[in-house]
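Working through the structure, step by step
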Amino acid sequence: MNNKLKMITPLLLGATLTLTGCNFLNKQAEPKQEQAQQETSQQAKEVAQIIEIQALNAMTLQVTFSEALPEEAVKVENLDAIQKDYTFNHNLGIVNVPRLKIGAKSTYIFPVTVQQADTTYTLSYKGGEAQVFEGSDEKINVSQTKQVTNDTFEIESFKEQGVTDYSNIIEAYKDARGDLSFQVNDENKDDSGKQYQVISSLRDRVVTLTAADGEETQASYVLFTQAADRRQAPKFRLPEGRTLRPGVQYTVASDWATVNNPTFTATEIAPLTIKAVEPIDDKSFQVTLDKDPGMELFAGRSVELQGDDGEKIQAHYRYSSRKGAVGIFDVKEGTLKSGVTYQVVPLNNWATATKLTLKAK
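Below, the structure is looked at part by part.

Calculation rules
- Residues numbered from 1 in each chain as written.
- Predicted model: local features only at pLDDT ≥ 70, side-chain atom pairs only at ≥ 80, totals over all residues.
- Heavy atoms only, no water.
- Pairing = 2+ DSSP bridges.
- Helix = DSSP H or I, 4+ residues; strand = E, 2+ residues; numbered from the N terminus.
- 1 Å grid on protein atoms, 1.4 Å probe; cavity = no way out; pocket = protein on both sides within 12 Å on 5 of 7 lines; lining within 4 Å.
- Points joined across faces, edges and corners; volume = space filled by probe spheres on them.
- Nonpolar A, V, L, I, M, F, W, Y, C, P; charged D, E, K, R; others polar.
- Axes fitted to C-alpha atoms, helices over the stretch in contact; angles between N-to-C directions.
- Core = buried A, V, L, I, M, F, W, Y, C linked by side-chain atoms within 4.5 Å.
- Buried < 20%, exposed > 50% of the residue type's maximum accessible area, 1.4 Å probe, protein only.
- Contact = heavy atoms within 4.5 Å.
- Patch = residues over 30% accessible without salt bridge, like charges linked within 9 Å, V, L, I, M, F, W, Y side chains within 5 Å.
- Areas by Shrake-Rupley, 256 points an atom, 1.4 Å probe, with all protein chains shown as cover.
- Salt bridge = Lys/Arg side-chain N within 4 Å of Asp/Glu carboxyl O.
- Lys, Arg positive; Asp, Glu negative; His and termini not counted.
- Charge placed at Lys NZ, Arg CZ, Asp CG, Glu CD.
- Phe/Tyr/Trp six-rings, centres within 6.5 Å; stacked < 30°, edge-to-face > 60°.
- Lys NZ or Arg CZ within 6 Å of the ring centre and 35° of its normal.
- Polar contact = N/O pair within 3.5 Å; in protein donor to acceptor, adjacent residues only side chain to side chain.

1. Here we look at the sheet that holds strand S1 (residues 50-57)
- Here we have four strands laid out as an open sheet, ordered S1-S2-S5-S4, and antiparallel in their pairing. Only two strands of the sheet have a single partner each, and these edge strands are S1 and strand S4 (99-100).
- Across six bridges, S1 lies against strand S2 (residues 60-65) in antiparallel orientation. Paired with alanine 55 across the strands is leucine 61, a residue of S2.

2. Observations concerning empty space enclosed by the protein
- Inspection of every chain in the model, using the stated rule, returns one cavity of 30 Å³ or more.
- Volume-wise, the largest cavity comes out at about 40 Å³.
- By residue class, the composition of the lining of the largest cavity is six nonpolar, one polar and no charged.

3. Quick look at the sheet that holds strand S7 (residues 131-134)
- Spatial ordering of the open sheet is given by S3-S6-S7, a layout of three strands whose pairing is antiparallel. Edge positions in the sheet fall to strand S3 (86-88) and S7, since each has one partner strand and no second. Within the sheet, the average angular offset between the axes of one strand and its neighbour, ignoring direction, is 30°.

4. Description of the nonpolar core
- Ile274, Phe285, Val303, Leu305, Phe329, Leu336 and Trp350 are the most contacted members of the largest nonpolar core, which has 28 residues in total.
- Secondary structure elements with two or more residues in this core: strand S18 (272-279), strand S19 (284-289), strand S20 (302-307), strand S21 (312-317), strand S22 (326-331) and strand S23 (341-346).
- With residues up to four places along the chain from it excluded, the contact list for isoleucine 274 reads Val287, Thr288, Leu289, Pro346, Trp350, Ala351, Thr352, Ala353 and Leu356.
- Counting residues in each nonpolar core, the second largest holds 24 residues, with Ile155, Ile199, Ala211 and Val248 among its members.

5. Points about the environment of proline 111
- Counting through the fold element by element, proline 111 comes out in strand S5 (residues 107-111).
- In the structure, proline 111 is positioned 53 residues away from alanine 58 in sequence and 9.5 Å away in space, judged by C-alpha atoms.
- If we skip the residues at most four places from it in the chain, proline 111 touches Met59, Gly93, Ile94, Val95, Asn96, Val97, Ser200, Ser201 and Arg205.

6. Side note on a negative patch on the surface
- Negative charge collects at one region of the surface, where Asp118, Glu134, Asp137 and Glu138 lie side by side.
- Considering the arrangement of structural elements, one finds aspartate 118 in the loop between S5 and strand S6 (120-125).
- On the accessibility criterion, aspartate 118 (80% relative accessible area) is exposed.

7. Side note on the packing of aromatic side chains
- Summed over all chains, the structure comprises 21 aromatic pairs.
- With 5.2 Å between their ring centres and 85° between their planes, tyrosine 86 and phenylalanine 110 make a pair best called edge-to-face. Of the two residues, tyrosine 86 sits in strand S3 while phenylalanine 110 sits in strand S5, which places them 24 residues apart along the sequence. For the pair formed by tyrosine 86 and phenylalanine 110, the shared burial category is buried.
- Pairwise contacts between aromatic rings join Phe224, Phe285, Phe298, Tyr317, Tyr319, Phe329 and Trp350 into one cluster.
- Above the face of the phenylalanine 182 ring, lysine 159 is positioned so that its terminal group lies 4.2 Å from the ring centre.

8. A few points about the pattern of salt bridges
- Tallying each qualifying case throughout the model produces 17 salt bridges.
- Between aspartate 292 and arginine 322 there is a salt bridge, with the nearest N and O atoms lying 3.1 Å from each other. Placement of aspartate 292 in the loop between S19 and S20 and of arginine 322 in the loop between S21 and S22 is noted, with a sequence separation of 30 residues between them.
- For aspartate 292, a relative accessible area of 43% corresponds to the partly exposed category.
- Residues joined in a network through salt bridges with shared partners are Lys146, Glu154, Glu156, Arg231 and Lys235.

9. A closer look at unusual backbone geometry
- Not every positive phi belongs to a glycine, and asparagine 91 is a case in point at roughly 60°.
- Checked against the element boundaries, asparagine 91 lands in the loop between S3 and S4.
- You can call asparagine 91 exposed: its relative accessible area is 78%.
- Not every positive phi belongs to a glycine, and aspartate 204 is a case in point at roughly 70°.
- Within the secondary structure, aspartate 204 sits in the loop between strand S11 (197-199) and strand S12 (206-211).

10. Notes on the environment of glutamine 131
- Mapped onto the fold, glutamine 131 is located in strand S7.
- Along the primary structure glutamine 131 and isoleucine 50 are separated by 81 residues, whereas in three dimensions their C-alpha atoms are 7.0 Å apart.
- Engagement of the side chain of glutamine 131 in a polar contact is seen with the backbone oxygen of isoleucine 50, the distance being 3.3 Å.

This is the structure in structure tokens:
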């Protein structure tokens, strides 16, 4: 009996020490957990919180924060990271960076993927408290559509009819827009009380083009054309290699816009004419058309440079570089070789460049 007690006692003592050690470690861990929770709470307080969300139309939200967002949270070059900061339900998402409204301290225009009516959405910013809003299926009122090239057409709306592009009412473009800029209140009314529909960023937007024979095609928005040349006439382009068929009537439809005059009959439109090309450096060159196209028709265009050394190089238009009839193109990969002469060939027939060459510096 005594031998059994001698054997049990060390076991009990070991168990006691083990339990005591666990309790000691738990007590040590508790302050660390509390500290981590306090730090997380403090970080949450330092991040701007969403305090109000209003669905302006099917593709646009107006979001008010507790304070202004930091500069890095509204830079276009940070878009991929910024998109991850916002958590929606029902697969909604932002398509471009938030833009502060003129005169506002912390109210932003948010371009989002198309919402559904009778749907309750939630949105949180950087893990903060989620806010609830009701989805809107209101479409933008667009007046008309018109063909502009053999593969591109535009849809036009007018400020006079109560529709404004977001570029007119945000701080980021205030100076560049000049007299087109104006201020609206939280209800998007101007000083006279006129109400406006707001067209947010059209980045990644598409419309459906249906031919009279029933053929449907998705046309994609051409970047930087939605408010060019003092017009609200964004351009949409057919997939590469596709063109509009002369004499065929087309109808434009969209899940984010209602086009009041949605049809046009395609005609054969002559390509633009390149009259000169001049090198700038080993990565870029200047293209001059025979006349000012009067709209951002360079946008999204490319040329192939066929060198007398046998090499072929592609170059793309530099967005927003057009000044009148002149635009800048940048080499996609590689460089222009000094002394080499390149024949200029516009891709997809957007322009002609008869026997036109570029000699690299």
